[in-house]
Amino acid sequence: MARRNSPLIGIGFMLVGTVFFALADAFAKLLVADYPVVQVAWLRSLLGLLLVGAVALISSRGRQLRTDRPGWHVARGILSVGVSISMFYGIKHIALAEFVAIIFAMPVFVALLSPWILHEPVPARTWFAIVVGFIGILLVARPVPGHFHPAHLATLGVAVMMSVMNLSARILSTTESPLALNFHIYPLTCLAFAWPATHQWVTPDARAWLLIVLLGVTATMALSLLVQAMRHAPPALVAPMDYV
């Protein structure tokens, strides 16, 4: 199956997904202020697994979860473990404006890697949009200079790992359903975080449970929309929509 090339549809999915990512980041910032990072990461992944699985069952699309490329999904699952723990660690320890500014380096990494991994050229106008957008975000966010925390490196790692996950979604879109691409990133993450999360468990109150559900829904929706964006258009084209 050939890769799809519907830029406007891909951009539309990415724009809506960006809104859900922003909401998920805000909910996560509130949660990690009072609860262990690994507990929040585990609950977010568990909710993602349940939500995508429920959608597949309710819509009678369980067969779409099957895959002939399990190795790719294991690799994406490993990246998801790294993204999850690094993301929530970064959100906990640095200002949200700094976190966002560093994450917005992702389109740069996507553009750098696309020609090598996807063999999809990146036009000069796309590079121009990426550079201008990234500079604009730095000017607006104004990350605090003059200090360093390991969370800055962890957040940069999120940008790199998310870039690779985006590119892999584009590769797998020729054979895998959107449901499969979303569902199979969660099992390994749930298993990896289960023991430390339960041993560091802090019982959430009613407000926290509401935030956990909102985080699970918004983050799962964001990733689902991101996968759809990568299916419909080259990642280097849609990734800069993060800057909007």
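Residues numbered from 1 in each chain as written. Predicted model: local features only at pLDDT ≥ 70, side-chain atom pairs only at ≥ 80, totals over all residues. Heavy atoms only, no water.

1. Here's the deal with the overall build of the chain
Then comes step 1: Along its length, the chain carries 11 helices and 0 strands.
Then comes step 2: Put simply, the chain runs from its N terminus to its C terminus through helices and strands in the order α-α-α-α-α-α-α-α-α-α-α.
Then comes step 3: Compactness check: the chain gives a C-alpha radius of gyration of 17 Å against a globular reference of 18 Å for 244 residues, within 12% of the reference.
Then comes step 4: C-alpha extents for the chain along the principal axes are approximately 50 × 50 × 25 Å.
Then comes step 5: The buried share of the chain, taken over its 244 residues, is 50%.
Then comes step 6: Carbon and sulfur atoms form 74% of the exposed surface of the chain, whose accessible area is close to 11,500 Å².
Then comes step 7: For the chain, the distance from the average site of its 15 positive side-chain charges to the average site of its 8 negative ones is 8 Å. (Helix = DSSP H or I, 4+ residues; strand = E, 2+ residues; numbered from the N terminus. Rg over C-alpha atoms; globule rule 2.2 N^0.38 Å. Buried < 20%, exposed > 50% of the residue type's maximum accessible area, 1.4 Å probe, protein only. Areas by Shrake-Rupley, 256 points an atom, 1.4 Å probe, with all protein chains shown as cover. Lys, Arg positive; Asp, Glu negative; His and termini not counted. Charge placed at Lys NZ, Arg CZ, Asp CG, Glu CD.)

2. Comments concerning helix α9 (residues 186-199)
Along an α-helix, residues three or four apart share an orientation, since each turn contains 3.6 residues.
Then comes step 1: Taking 1.5 Å per residue, 14 residues should reach 20 Å; α9 reaches 20 Å between its end C-alpha atoms and fits that length.
Then comes step 2: The sharpest bend along α9 comes to roughly 40 degrees, located at Phe193, with the proline Pro196 sitting one to four residues further on.
Then comes step 3: Residues of α9 that are buried: Tyr186, Thr189, Cys190, Phe193 and Ala197.
Then comes step 4: On its buried side, α9 packs onto α2 (37-58), α3 (70-93), α8 (178-183) and α10 (206-232). (Expected span 1.5 Å × (residues − 1). Bend = angle between axes of the 7 residues up to and from the residue. Contact = heavy atoms within 4.5 Å.)

3. Focus: the packing of aromatic side chains
Then comes step 1: For the structure on display, the rule yields 2 aromatic pairs.
Then comes step 2: On the basis of an interplanar angle of 80 degrees and a centroid distance of 6.4 Å, the ring pair of Trp42 and Trp201 is categorised as edge-to-face. Placement of the pair is Trp42 in helix α2 and Trp201 in the loop between α9 and α10, with a sequence separation of 159 residues.
Then comes step 3: Look at Trp201 and Trp209: their rings are 6.4 Å apart centre to centre, the planes differ by 45 degrees, and that puts the pair in the tilted class. (Phe/Tyr/Trp six-rings, centres within 6.5 Å; stacked < 30°, edge-to-face > 60°.)

4. Some thoughts on the nonpolar core
Then comes step 1: Judged by nonpolar contacts, the single largest core of 63 residues is most densely connected at Met14, Leu31, Val40, Phe88, Met162, Leu215 and Val238.
Then comes step 2: Excluding its chain neighbours within four sequence positions, the residues that come into contact with Leu31 are Val40, Ala208, Leu211, Ile212 and Leu215. (Core = buried A, V, L, I, M, F, W, Y, C linked by side-chain atoms within 4.5 Å.)

5. Overview of the confidence of the model for the chain
Then comes step 1: Per-residue pLDDT for the chain averages 88, and the proportion of residues at 70 or more is 92%.
Then comes step 2: Within the chain, the lowest mean pLDDT, 72, falls on helix α6 (residues 124-141), and the highest, 96, falls on α9. (pLDDT = per-residue confidence, 0-100.)

6. A short note on unusual backbone geometry
Then comes step 1: The backbone phi angle of Ser60 is positive, close to 55 degrees, even though this residue is not glycine.
Then comes step 2: Summarising the element assignment, Ser60 is placed in the loop between α2 and α3.
Then comes step 3: Given the relative accessible area of 68%, Ser60 is considered exposed.

7. Focus on the side chain of Arg44
Then comes step 1: By the secondary structure assignment, Arg44 is in helix α2.
Then comes step 2: Nearest to the buried, unbridged Arg44 among oppositely charged side chains is Asp25, at 9.2 Å.
Then comes step 3: Polar side-chain contacts of Arg44 include one of 3.1 Å to the side chain of Tyr186.
Then comes step 4: Side-chain polar atoms of Arg44 contact the backbone oxygen of Ala219, separated by 3.4 Å. (Salt bridge = Lys/Arg side-chain N within 4 Å of Asp/Glu carboxyl O. Polar contact = N/O pair within 3.5 Å; in protein donor to acceptor, adjacent residues only side chain to side chain.)

8. Points about the environment of Thr218
Then comes step 1: Position of Thr218 among the secondary structure elements: in helix α10.
Then comes step 2: Between the alpha carbons of Thr218 and Ala22 there is a distance of 8.8 Å; along the sequence they are 196 residues apart.
Then comes step 3: Beyond its immediate stretch of four places on either side in the chain, Thr218 contacts Phe20, Leu23, Ala24 and Phe27.
Then comes step 4: A distance of 2.7 Å separates a polar atom in the side chain of Thr218 from the backbone oxygen of Leu214.

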